[in-house]
Amino acid sequence: MKKLISAFVASVLSVSALSAVSATAVKTTSEDNLSVSTKVLDESIIIDDTIVSAGSVAITVNISDNSGFSSYSTKLELGSAYDIITDENNHPVVESGSVIGDSLVGSSCNDNVVVVSTASADENYENGNMFTIYAVKDMSSTDTDIDIYENETVIDSPVYLSANTEYYRVGDIDNDEMIMATDATAILVAIKKTNSTKLPYDSVQSAPALYFPEIAHIRAAFIWNKSNDKENAMKDITKETADEILEFYSCAATGQLYNGDSYLGQWRSCN
């Protein structure tokens, strides 16, 4: 199993001799509009409270000919020369680029595979830097290739019908029997319609088609609630809901177990 480098270890590694290396292109297998470049850091930086030491390698994903997206998921397969730097939750450290701006970001890694998923209530049309992840590079290794793809992993669910009651899949917001980054975007779009930061159950119940026009049952969007919870006990939908969906999807796409406390990935009765 490929070792993941913790933030603490990365911060104390003595790799300053690499700091003279400039930005370079790397050998990749990629989508037509995605590309990767690497750069060795001249000095330490802090990304969301995680220290990334000087000498670490910044691996930046860029997009060109961008036709617009509100959700996106990218998969990178790194050669064995790279050890991914992770945060305290063992997620890859990710720095958002100008293309995704304020989009929510979910990430996961398993061995040498990294998945970064994003969601936004708005379309992103800019070309350029999508995001950057960080790694410690073994300079003695020749396995330095980086393959990049648009992540097409689907977390699907079996058709499950009952003659007596309806069923919904928690987190399946667009009713396509899959949980993907698009479901996180659907959450953010619904919240935006409220002109606030939360969406209560009674608001959704009074106008379900306004907030979630494709959903099988509105309870699918309330991912922390049991199927038999009373309406006044329903937890409000917030950006945290979209964040959790991104985390679930990204983990599933790398084969990692989902460790959240919601009911994502499970069937629940509507009654």
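The rules we used
- Residues numbered from 1 in each chain as written.
- Predicted model: local features only at pLDDT ≥ 70, side-chain atom pairs only at ≥ 80, totals over all residues.
- Heavy atoms only, no water.
- Helix = DSSP H or I, 4+ residues; strand = E, 2+ residues; numbered from the N terminus.
- Buried < 20%, exposed > 50% of the residue type's maximum accessible area, 1.4 Å probe, protein only.
- Contact = heavy atoms within 4.5 Å.
- Areas by Shrake-Rupley, 256 points an atom, 1.4 Å probe, with all protein chains shown as cover.
- Salt bridge = Lys/Arg side-chain N within 4 Å of Asp/Glu carboxyl O.
- Core = buried A, V, L, I, M, F, W, Y, C linked by side-chain atoms within 4.5 Å.
- Polar contact = N/O pair within 3.5 Å; in protein donor to acceptor, adjacent residues only side chain to side chain.
- Phe/Tyr/Trp six-rings, centres within 6.5 Å; stacked < 30°, edge-to-face > 60°.
- Lys NZ or Arg CZ within 6 Å of the ring centre and 35° of its normal.
- Pairing = 2+ DSSP bridges.
- Axes fitted to C-alpha atoms, helices over the stretch in contact; angles between N-to-C directions.
- Patch = residues over 30% accessible without salt bridge, like charges linked within 9 Å, V, L, I, M, F, W, Y side chains within 5 Å.
- Lys, Arg positive; Asp, Glu negative; His and termini not counted.
- Charge placed at Lys NZ, Arg CZ, Asp CG, Glu CD.

Undergrad: I tried to follow the overall build of the protein on my own but got confused; where do I start?
TA: From N to C terminus, the protein includes five helices and 17 strands. Looking at the 271 residues of the protein, the share that counts as buried comes to 49%. Sequence-distant contacts, at least 24 apart, represent 71% of the contacts inside the protein between residues at least 6 apart. Counting only carbon and sulfur atoms, one obtains 46% of the accessible surface of the protein, whose full area is about 13,100 Å².

Undergrad: Whenever I open this one, the pattern of salt bridges confuses me. Can you help?
TA: Opposite charge on two side chains makes pairing possible when the charged atoms of those side chains draw close. Enumeration over the complete set of coordinates arrives at three salt bridges. The partner of Lys192 in a salt bridge is Asp122, with the nearest N and O atoms 2.4 Å apart. With Lys192 in helix α2 (residues 181–192) and Asp122 in strand β11 (residues 113–124), the pair connects residues that are 70 residues apart, well separated along the chain. Classification of Lys192 as partly exposed rests on a relative accessible area of 46%.

Undergrad: Before we go on, may I ask you to explain the nonpolar core in this structure?
TA: Looking at soluble globular proteins, one finds that nonpolar side chains tend to be buried together. In this structure, Ile187, Phe212, Ala221, Ile237 and Leu264 are the most contacted members of the largest nonpolar core, which totals 36 residues. Every residue in contact with Ala221, bar those within four places of it in the chain, is listed here: Ile173, Ile187, Phe212, Ile215, Ile237 and Thr241. One finds Val57, Val61, Val99 and Ile146 within the second-largest nonpolar core, a separate group that totals 25 residues.

Undergrad: Before we go on, may I ask you to explain the environment of Ile46 in this structure?
TA: For Ile46, the position within the fold is in strand β4 (residues 45–47). Placed 47 residues apart in sequence, Ile46 and Val93 show a C-alpha to C-alpha distance of 9.9 Å.

Undergrad: Sorry if this is basic, but what is going on with the side chain of Ser108 here?
TA: For Ser108, the position within the fold is in strand β10 (residues 104–110). We classify Ser108 as buried; its relative accessible area is 2%. At 2.8 Å, the side chain of Ser108 forms a polar contact with the side chain of Thr254. Sequence-distant contacts of Ser108, defined by excluding residues within four places in its chain, comprise His91, Pro92, Val113, Val114, Val115, Ser250, Cys251, Thr254 and Gln256.

Undergrad: Explanation requested: the environment of Ile215 in the structure shown.
TA: Mapped onto the fold, Ile215 is located in the loop between α4 (208–211) and α5 (239–253). For Ile215, a relative accessible area of 13% puts it in the buried group. Distance from Ile215 to Asp172, taken between C-alpha atoms, is 7.3 Å for residues 43 residues apart in sequence.

Undergrad: Help me out: how do you make sense of the packing of aromatic side chains in this one?
TA: Two measures describe an aromatic ring pair: the distance that separates the ring centres and the angle between the ring planes. Scanning the entire structure with this criterion turns up three aromatic pairs. Where Phe248 meets Tyr258, the ring centres are 5.3 Å apart and the plane angle is 85°; that geometry is what we call edge-to-face. A residue pair is termed long-range when its members are at least 10 positions apart, and Phe248 in helix α5 and Tyr258 in the loop between α5 and β17 (267–269) qualify at 10 residues. For the pair Phe248 and Tyr258, one class covers both residues: buried. Seen from the ring of Trp224, Lys235 lies directly overhead, with NZ or CZ sitting 4.1 Å from the centre.

Undergrad: Please explain the sheet that holds β11 as it appears in this structure.
TA: By way of backbone hydrogen bonds, the strands of a sheet pair with one another, either parallel or antiparallel. An order of β10-β11-β7-β13 is seen for the four strands of this open sheet, with the pairing classed as antiparallel. Looking along the sheet, the strands with just one partner apiece sit at the ends: β10 and β13 (146–150). This sheet shows a mean twist of 15° between the axes of neighbouring strands, independent of strand direction. Across seven bridges, the pairing between β10 and β11 is antiparallel.

Undergrad: Please explain a negative patch on the surface as it appears in this structure.
TA: On the surface, a cluster of negative charge is made up of Asp48, Asp49, Glu88 and Glu95. Summarising the element assignment, Asp48 is placed in the loop between β4 and β5 (50–52). By relative accessible area, which is 68% here, Asp48 ends up exposed.

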